[in-house]
Amino acid sequence: MSVLLPLWDEPASWGTDLFGSNDLLTNGGRQQWDIDLRNVAAMRDVEARALPTPLAWPGMMEAVLLRHDLREHVLRIYYRELILGILLGNLDVEIVDLKRGRLGAIVVETNELFRYFGIIRATPKLDRLKGTIFGGTSPDTLVWPSPRTKDTEWKALGDANNSDQQGNAKSLLSGFREILQGLGFWNPGHTGSPPWMAALDEVIGDWNAAGGRKLLDSHSRSVGPIRTQLGPNRRPDAIYLPTLERGFASKFLRATTGSLLEEPEKQRVVLLDDARVPQFIIMKPTGTDPGGDHMKLAGAGTIREDATPEKTTKLERRTLRLIDSPAGKGLLSCFPEMFLSPPPKATEVRRMPMFYPDIVRIVVTKLGESALPNSRVLFTPAAMENIFSEDFPGLPSPDELGDSKYVSSERWKGCLAKLPGDARQLVMLERLGGEEVLDLSALGMVLWLYFIGEANYENESIRDRRSVPLVVKESFVPLCPDEAVYRTVKEVRSSPGRLATLQRFVKAYSQGAEDIDQMMGHAAKAFAERTWKSEVIPLGHSFAEKNSVSLASVRISLYRDEK
Amino acid sequence: MASPVILAIGGTGQHVALAASRLAFLGALPRMRLLTIDADDSGQLSKKLKSFGGTVNPDKPELAQHPLDDGERIFPPFDRGKLANPRFEDLLLDGSSKTWERETFSLLFDEAAAGISVNDGMFGQPSIGATIFGQNKDVQLKEVFTAIGNASYVIITGSFIGGTGAGIVHQLVHAIHTKYQTVKMYGIFVLPWISIAAATGATTRTVDDYGLKRNMQYGLHYFYKTTRPLLKASILLGASDQPGSAFGRVQVGNDDDGELETPLMLVAAAALRRLPEITVKQDNPHAVYASSAEDPKSLYGETFGDRTLAWYYSRGRYVQKILDFVRTPDFRKNLDASFGHLGFGGSGKNIGEGLYLAIEDYKKEKRGPNLDSIQQTWTQLAAQYDVSLTWLERVLGALPPGQVDNRLATLATGKAVTDEFQRSWKEPLPKVSQDRSPSDVAREFYQRLVADFEKRVG
């Protein structure tokens, strides 16, 4: 009996019944029923209109990406240009809430993940094409090309993408991939894995990508977010794509020492310099649905540098405007839903930076827990000085220490102490990344001067013979050496005649079980070894005098050598 | 009690609905509610469906009813009165549309799609059909969705090949599932069953065989990925590619807009009954079925309920023969004569005692017009049998003599016809509190003929 179906040769497997079924029908039918996709060179030949959904073009993009033999398909070629364009900053993504519009409501009913939809358009880097729409975002493919963009416009984008920065762009993307691999999300080609993963693998290709993570942390800003499903059993995520921008993190942090201007009518917060010239624009959409992630999905917290040409920048303060002060509102309270309810975890932000908008990603990656409200982690001003350098790797997190209080690694060398009778934790850094901080050596120098009788405890501080404070009395960071001490310790020469004294000094501070005692022991050792240029072991007879004093409400023990 | 709902989408859906109407009229399908959705509600096909072959007159509903509830209505997927000859873009954008809305539209639809004039269909572009459906369903199709909520189950039928059905079908399934998670849904989806040559000269057609195949492939891709998991079971149906097959494609001319007759639509209509039955017996969630047949005449042997199609055909011809007799002027003379000269001293012997008593209840001055109405009702019913039975003969061929029911075979002479209705109409109608209208009277005696066919042994 003939089966009443097109392109079906086999007789009915169910006998003479009028209706029946078999495995072939159940499992998708015959191969001849598959979409006849071929490499086409022009958008007008793409038959997206045949897909029975308002989301026909994103659907076609997905169908093409799933076919690895279609390397020359125009959609695949334009896909690559979109990704490179975003990576290189030639394209930007503007998020719109489709639920507010007529067509949008239809789209959202078809697939709710399209609600916060990205329109991809050219940035000023593409000159005359600035603002031209090149594509849209999609949960299955991340991006897809617009059917209306002209060939000449694609060529212009392709030419712009073919820059000497393309290698860095691929490295950046490789860093992005590396993080997702580390999280176990990168499974291109596996069941339930989104098609864009294999597509991004293709963009990176054989590029020998090193330094991607560093580019991501310090030299990129993010666009998005784009909703996608990273695995078959996960709820949909919202991830940000990176765009190369040299020194972006440090420039942004520097700008937060200025002032903030909230402009709800323009749905943004502006960072102004000391002369009130706009430096950065932080998106803050209004009118979004309450609760949940709506603000974030609508693009809140993404940052653009103000595009005013040849603008000047005047920023002389060193304090980041994170929390409110008499001088004005802080960044955290301008975005309470990002920072306050609930506060993000620094380890999570560093582990999964592409899941957070830039104001969280940059601030927390660079400052760690100290950036978060009600932070209990204290760093010295000297440590904070480095945050404005372009390649600053970020302040360490107490979680990185594990059970140990002292770390000497490639990334940083320093010590953590829980302050007695206090929930706060003090971190003293000797080195961070490739830069010297010298917190421990500077504190060690103060302790040394007291040990050898060239400093005394007076008026709740340790002072030199001229009564100049060696420890900042009213710092929010206890035991914080004065700037002058840091300058001196940077230039310290070796002192050959003092080895025995140094040994007794180190021995004196090698006792004590409390965190603060151990930190002072490390400080003593750091200063001694910096002076001696070699290891100094604790040796010799005991100290002559021990005094218990209070510095900024922290009780410490000070030791004096024999006279 | 909730009844099943047929959702017929687009032109193919209308074809299935027309076939279903005929089978329902003959009794092979139970009475169901029909909700037809199509942008084209004024072409020849639509007129035929709504009027059931010209037998249903909305100005005189008492004379003839559509075999399917709401069969006289077609729900357009958008308000055609709102804009004169709208382009697709006009349905979604207007002067108040924001820039980002226009930009989103331009991303999702190219210039060609935007400019399509949608009044006469979606021109083979399923993405347009899908979008228009999504835009209008809550307002334009509110009544449809309310009916679905009250249905015992829903069968959606349409094609994957055009623009309207192909676009709407999937989004409709999705929308129903979103709104009514517990409603049982079945699908009867038609793959290419027509052949359209590339357009020559002036024509309203913009889709050809290549477009049909392409739409089918994309539709099946979407069906297996997204739609099928939402359905209890589905049937896929299409023309056979076997050379010379009676179930092959129907050739479509440039401007054909009437019914294209094919036995395939009878198979689709049969599936309306069989699909829920199959799934009760076989526990196979989201199963996909197909059909097989060689000779259209073999469909006369298919069972509907506990009777074959041949039996329903025979009964139809039996009743039609009697109706053809009793609606004539000659029988009218018998009716008039039964009431004697000046309306006195009559007898029901010649017309059936029960019919006589029913007419006698009418006031004398009303008898004439009421008899007119009774005969007009029988005329329409006879016409409806003609619509149904001649269609069966055209698509399946004449009923083989060996399958003709004896009861029909015995109705060969005028006397045999007379004996039948006199016997059937002997008993009076049950007493009721209010007077019956003449159409109701006509219908009651008609129903007796239908019922008696089964009772009497031929």
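Residues numbered from 1 in each chain as written. Chains lettered and ligands numbered in written order. Predicted model: local features only at pLDDT ≥ 70, side-chain atom pairs only at ≥ 80, totals over all residues. Heavy atoms only, no water.

A. Main features of the overall build of chain A. Of the regular secondary structure elements, chain A holds 19 helices and 20 strands. Projected onto its principal axes, the C-alpha coordinates of chain A cover approximately 110 × 55 × 45 Å. Across chain A, contacts joining residues at least 24 apart in sequence account for 61% of those joining residues at least 6 apart. Looking at chain A as shown, the accessible area adds up to about 23900 Å², and 48% of this sits on carbon and sulfur atoms. (Helix = DSSP H or I, 4+ residues; strand = E, 2+ residues; numbered from the N terminus. Contact = heavy atoms within 4.5 Å. Areas by Shrake-Rupley, 256 points an atom, 1.4 Å probe, with all protein chains shown as cover.)

B. A look at the packing of helix 16 (residues 439–451) of chain A against helix 18 (residues 499–508) of chain A. Residue and element names in this part refer to chain A. At a minimum axis distance of 11 Å, the contact between helix 16 and helix 18 shows a crossing angle of 110 degrees. Our classification of the angle between helix 16 and helix 18 gives roughly perpendicular. Helix 16 and helix 18 meet at a crossing whose hand is right-handed. Contacts between helix 16 and helix 18 involve Gly444, Leu447, Trp448 and Phe451 from the former and Thr501, Leu502, Arg504, Phe505 and Ala508 from the latter. Looking at the contact of helix 16 with helix 18, its residues break down into 6 nonpolar, 2 polar and 1 charged. (Axes fitted to C-alpha atoms, helices over the stretch in contact; angles between N-to-C directions. Parallel < 35°, antiparallel > 145°, perpendicular 65-115°, else oblique. Left-handed = near helix turned anticlockwise from the far one by under 90°. Nonpolar A, V, L, I, M, F, W, Y, C, P; charged D, E, K, R; others polar.)

C. Spotlight on the interface of chain A and chain B. With 62 residues of chain A at the interface, the matching set in chain B holds 72 residues. Carbon and sulfur atoms make up 60% of the area that chain A and chain B hide from each other, which totals about 5800 Å². Where chain A meets chain B, there are 5 salt bridges. Of the charged contacts in the structure, one is a salt bridge between Arg102 of chain A and Asp94 of chain B, with a shortest N-O distance of 2.9 Å. Inspection of the region where chain A meets chain B yields 29 residue pairs in polar contact (both at pLDDT 80 or more). Taken together, the elements giving at least two residues each to the side of chain A that touches chain B come down to strand 1 (19–20), helix 1 (23–26), helix 2 (56–65), strand 2 (91–97), helix 4 (102–110), strand 3 (116–122) and strand 4 (133–138) of chain A. The leading source of residues in the side of chain A that touches chain B is helix 4 of chain A, at 6 residues. Along the lines of polarity and charge, the residues of the side of chain A that touches chain B split into 34 nonpolar, 15 polar and 13 charged. Relative to strand 9 (residues 287–291) of chain B, strand 1 of chain A runs antiparallel, the two sharing 2 bridges. The partner of Gly20 of chain A across the bridge, within strand 9 of chain B, is Ala290 of chain B. (Buried area = accessible area lost by both parts, 1.4 Å probe. Salt bridge = Lys/Arg side-chain N within 4 Å of Asp/Glu carboxyl O. Polar contact = N/O pair within 3.5 Å; in protein donor to acceptor, adjacent residues only side chain to side chain. Pairing = 2+ DSSP bridges.)

D. Representation of the pattern of salt bridges within the structure. Residues and elements named next belong to chain A. What the rule picks out here adds up to 60 salt bridges over all chains. Across the salt bridge formed by Glu348 and Arg351, the nearest N and O atoms sit 3.3 Å from each other. Placement of both Glu348 and Arg351 in helix 13 (residues 346–351) is noted, with a separation of 3 residues, approximately one turn of the helix. Here Glu348 falls in the partly exposed class, since its relative accessible area comes to 27%. With a shortest N-O distance of 3.0 Å, Arg530 and Glu436 are connected by a salt bridge. Residue Arg530 is found in helix 19 (residues 515–532), and its partner Glu436 is found in strand 16 (residues 435–436); the two are separated by 94 residues along the sequence. According to the relative accessible area criterion, Glu436 is partly exposed, its value standing at 45%. Salt bridges sharing common partners tie together Asp92, Arg221, Glu245 and Arg304. (Buried < 20%, exposed > 50% of the residue type's maximum accessible area, 1.4 Å probe, protein only.)

E. Up close: the sheet that holds strand 1 (residues 5–9) of chain B. The strand order across the open sheet formed by 8 strands is 1(A)-9(B)-7(B)-5(B)-4(B)-1(B)-2(B)-3(B), and the pairing between neighbours is mixed. At either end of the open sheet lies a strand with only one pairing partner, and these are strand 1 of chain A together with strand 3 (74–75) of chain B. Across the face of the sheet, helix 7 (residues 142–149) of chain B comes into contact with strand 1, strand 2 (33–37), strand 3 and strand 4 (154–159) of chain B while running at roughly 145 degrees to strand 2 of chain B. Against the sheet, helix 10 (residues 263–281) of chain B makes contact with strand 1 of chain A together with strand 1, strand 4, strand 5 (185–190), strand 7 (233–237) and strand 9 of chain B, and its axis sits at roughly 155 degrees relative to strand 5 of chain B, the strand it touches most.

F. Structural detail: the packing of aromatic side chains. The full count for this structure, using the stated rule, is 38 aromatic pairs over all chains. Between Phe117 of chain A and Trp144 of chain A, the ring centres sit 6.3 Å apart and the planes meet at 35 degrees, which makes this aromatic pair tilted. A residue pair is termed long-range when its members are at least 10 positions apart, and Phe117 of chain A in strand 3 and Trp144 of chain A in strand 5 (residues 142–145) qualify at 27 residues. Residue classification places Phe117 of chain A among the buried positions, given a relative accessible area of 2%. For the pair Phe105 of chain B and Phe109 of chain B, a centre-to-centre distance of 5.2 Å together with 40 degrees between the ring planes defines the contact as tilted. Of the two residues, Phe105 of chain B and Phe109 of chain B, both sit in the buried class. Here a set of aromatic residues connected by ring pairs shows up, and it is made of Trp448, Phe451, Phe505, Tyr509, Phe527, Phe543 and Tyr559 of chain A. In this structure, Arg30 of chain A is placed above the aromatic ring of Trp8 of chain A, and the distance from its NZ or CZ to the ring centre is 5.8 Å. (Phe/Tyr/Trp six-rings, centres within 6.5 Å; stacked < 30°, edge-to-face > 60°. Lys NZ or Arg CZ within 6 Å of the ring centre and 35° of its normal.)

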